[in-house]
Amino acid sequence: MKKALAPFIAILIVFFAGCERRPKIGKNPENRIPVKIVSLSPAATEILFAIGASNQIAAVSEFSNYPEQAKELPCVGGFDGKTLSMERILSFEPDFVYLTKGMHDFLIPQLEQFNIPYYVSKGDSIQSLETEILDIAKITGHPESGEPLVQIIEEKIAMAKAAVQNHDNDICHNLIYWEIWHEPFTSIGKKSFLADLLRKCGLTNIFDDLEQPYPQVSTETIICKNPDFIIIPSQNSISATDILKRPGWKNITAVQNNNILIVDSDLFSQPGPRIGECAENLCKYIVERREK
């Protein structure tokens, strides 16, 4: 199971190993619309499908499983870079490659050498995701698709936030511990897109005081911060019962009230166009638990 989870940890932690203010776009002097795109992350694949560029995809990375049609596309390799090679990418004769910051930086000099345009995704906040969607929509020749998709995301997040605030506008009652991994304990810090999502939903990340996107934290600190809700990705294979067995955790408010949410790793672990759906699901759960 650790092996199954590794890609999600990699894309979250390596993803933010140094970020630029703007996504980097490789040169495309003739502004040609790409027709053979190689997508190197599941989130990138989702964005391409969402803006209507699915017919322009030549290959996708491993774990690109949404929407269902993505599973039928040729696989270029694992998106963590360990199973990627320039030779494999070139075999699809791409005229555009969709990269992830930190994960695929090593490919940039080679792509530039072959004069292949590329886009480097940041995805460290909701705003950067929205910028990326608008950029990719324009680059792929679907500029009319970007703005409506961004608007849907913003509307869903706004509605999710309103639901939480209408029920209880005291955000101190909505302290969230988001567990990325447990060996060692790894959570979300101030500069992660998940922390940004919580802020936009009117929720409070207990480790928002930490600058690192995905910091390692101690069990003592988690207990001391006493979260009201605990969020666990499904591929961690951790259940509410497992949480109850952790020494000292029975004193945490979230554990006492059984406010432990197991979330879909595919949906919640990557900055993609379904982020509005993440907000809806999360806030709906919190409101429902508050009403009990």
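Everything numeric in this text was worked out from a predicted model, so none of it was measured. (Residues numbered from 1 in each chain as written. Predicted model: local features only at pLDDT ≥ 70, side-chain atom pairs only at ≥ 80, totals over all residues. Heavy atoms only, no water.)

A.B. asks: Help me understand the pattern of salt bridges, please; the structure alone is not making it clear to me.
C.D. replies: When the charged atoms of two side chains lie near each other, side chains of opposite charge can form a pair. Taken as a whole and assessed by the stated rule, the structure comprises 11 salt bridges. Notably, a salt bridge pairs Glu68 with Lys71, separated by 3.0 Å at the nearest N-O pair. Among the residues examined, Glu68 registers a relative accessible area of 52% and is labelled exposed. Residue Lys71 is classed as partly exposed on the basis of its relative accessible area of 49%. Here Glu179 makes a salt bridge to Arg246, at a shortest N to O gap of 2.8 Å. Linking Glu179 in the loop between β7 (175-178) and β8 (181-182) with Arg246 in the loop between α9 (240-244) and α10 (253-256), this pair joins segments that are 67 residues apart in sequence. The residues Glu179 and Arg246 share a single accessibility class, namely buried. Overlapping salt bridges bring together Lys190, Lys191 and Glu211 as one network. (Salt bridge = Lys/Arg side-chain N within 4 Å of Asp/Glu carboxyl O. Buried < 20%, exposed > 50% of the residue type's maximum accessible area, 1.4 Å probe, protein only. Helix = DSSP H or I, 4+ residues; strand = E, 2+ residues; numbered from the N terminus.)

A.B. asks: What's the story with helix α7 (residues 193-200) in this structure? I'm lost.
C.D. replies: Side chains three or four residues apart in an α-helix point the same way, a direct result of the helix having 3.6 residues per turn. Where burial is concerned, most of α7 is hidden: six out of the eight residues are buried. Residues of α7 that are buried include every one of Phe193, Leu194, Ala195, Asp196, Leu197 and Leu198, and no others. Two residues or fewer after α7 comes Gly202, characterised by a positive phi angle close to 80°.

A.B. asks: Whenever I open this one, the environment of Ser192 confuses me. Can you help?
C.D. replies: When you line up the elements, Ser192 lands in the loop between β9 (185-186) and α7. Since its relative accessible area comes to 1%, Ser192 is described here as buried. Measuring from C-alpha to C-alpha, the distance between Ser192 and Ser125 comes to 6.6 Å, with 67 residues separating the pair along the chain. Residue contacts for Ser192: discarding those within four places in its chain leaves Asp124, Pro213 and Tyr214. (Contact = heavy atoms within 4.5 Å.)

A.B. asks: Looking at this structure, I do not really get the nonpolar core. What am I missing?
C.D. replies: Inside soluble globular proteins, nonpolar side chains tend to come together where they are buried. Residues Trp178, Leu203 and Leu282 are the most contacted members of the largest nonpolar core, which totals 50 residues. Counting residues per element, this core draws most heavily on helix α12 (residues 275-290), at eight residues. Leu282 has contacts with Trp178, Leu198, Leu203, Ile231, Leu261 and Phe268, leaving out every residue within four places of it along the chain. Residues Leu40, Met86, Val97 and Leu107 belong to the second largest nonpolar core, which totals 17 residues. (Core = buried A, V, L, I, M, F, W, Y, C linked by side-chain atoms within 4.5 Å.)

In short, geometric facts, not functional conclusions.
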